[in-house]
Amino acid sequence: MNKSELIEALAQEVNIPLREASPVTNTILETMINALAAGDSIEIRGFGSFVVKEYESYVGRNPKSGISIEVPPKRLPFFKVGKELKERVNDGA
Amino acid sequence: MTLTKANLIQTVYQNHNLTKAQAAEAVEAFLSIAKNCLIDGDDLLISGFGKFNVKKKKARRGRNPKTGNELILDARQVVTFKPSGLLREKINQGK
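A.B. asks: Looking at this structure, I do not really get the interface of chain A and chain B. What am I missing?
C.D. replies: When the parts of a complex come together, some accessible area is lost, and that lost area is often taken as the interface size. The interface is formed by 44 residues belonging to chain A together with 46 residues belonging to chain B. For the pair chain A and chain B, the summed buried area comes to about 4,300 Å², and 73% of that belongs to carbon and sulfur atoms. Where chain A meets chain B, there are 15 residue pairs in polar contact (both at pLDDT 80 or more). Breaking the side of chain A that touches chain B down by element, the ones donating at least two residues are helix H1 (3-14), helix H2 (18-37), strand E1 (41-44), strand E2 (48-55), strand E5 (74-81) and helix H3 (83-91) of chain A.

Right, dumping it as structure tokens:
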């Protein structure tokens, strides 16, 4: 499923036109993105949680050329699937 | 700070012409559609955010780290998340 299919499903589910479902979807996603950009975590019961991990700068190596380079500090988001979703995804196995 | 479902409902309520109940319904529906997609074993691709993949793991031999006993870990399905380039960029802005 992609974003536009998700918007269509949302419009049907709550019985609102696409032109409303689309901005509502964007608000939800933007709110989540802004939280992560601020370094905050997200916790949604039954779905999962997102945390941002901070990495210090380190000296890495280009595996092809062997040249050492300084990898700048970075932040990366991680998702941990919630208990309910984890179990239900696995039940379909 | 941690963002929760209540925060999402509040933001939807503040930014759209919906009642509080409708905003709550929309957020709940959004989450249940996303969940059901993954429960059906279908990948969820959200451009600008990231993708959630359902991966099938094969059964494998494992070991109880405490007792050292060998055991078979059953085949299972797990959800993985890969952030989009755009999300990674936004998270690293101002760093």
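Having put the structure on the table, let's press on.
A.B. asks: Looking at this structure, I do not really get the packing of H3 of chain A against helix H2 (residues 20-39) of chain B. What am I missing?
C.D. replies: Geometrically, a packed helix pair is captured by the angle between its two axes and the distance between the axes. The geometry of H3 of chain A relative to H2 of chain B is characterised by a closest axis approach of 8 Å and an angle of 35° between their N-to-C directions. Each of Glu84, Leu85, Arg88 and Val89 of chain A in H3 of chain A lies in contact with H2 of chain B, whose residues at this interface are Lys35, Asn36, Leu38 and Ile39 of chain B. By residue class, the composition of the contact of H3 of chain A with H2 of chain B is four nonpolar, one polar and three charged.

A.B. asks: Would you mind showing me how to read the sheet that holds strand E3 (residues 50-57) of chain B here?
C.D. replies: Sheets are built from strands that pair by backbone hydrogen bonding, the pairs being arranged parallel or antiparallel. All names here are of chain B. If you walk across this open sheet you meet the three strands as E2-E3-E6, and the pairing is antiparallel. In the strand order of this sheet, the two ends are held by strand E2 (44-46) and strand E6 (76-83), each with one partner. Within this sheet the neighbouring strands show an average axis-to-axis angle of 20°, counted without direction. With eight bridges joining them, E3 and E6 adopt antiparallel strand pairing. Residue pairing in the sheet places Lys51 in a bridge with Lys82 of E6. In the packing of H2 onto the sheet, contacts are made with E2, E3 and E6, and the angle to E2 comes to roughly 135°.

Thresholds, definitions, all that
- Residues numbered from 1 in each chain as written.
- Chains lettered and ligands numbered in written order.
- Predicted model: local features only at pLDDT ≥ 70, side-chain atom pairs only at ≥ 80, totals over all residues.
- Heavy atoms only, no water.
- Contact = heavy atoms within 4.5 Å.
- Buried area = accessible area lost by both parts, 1.4 Å probe.
- Polar contact = N/O pair within 3.5 Å; in protein donor to acceptor, adjacent residues only side chain to side chain.
- Helix = DSSP H or I, 4+ residues; strand = E, 2+ residues; numbered from the N terminus.
- Axes fitted to C-alpha atoms, helices over the stretch in contact; angles between N-to-C directions.
- Nonpolar A, V, L, I, M, F, W, Y, C, P; charged D, E, K, R; others polar.
- Pairing = 2+ DSSP bridges.

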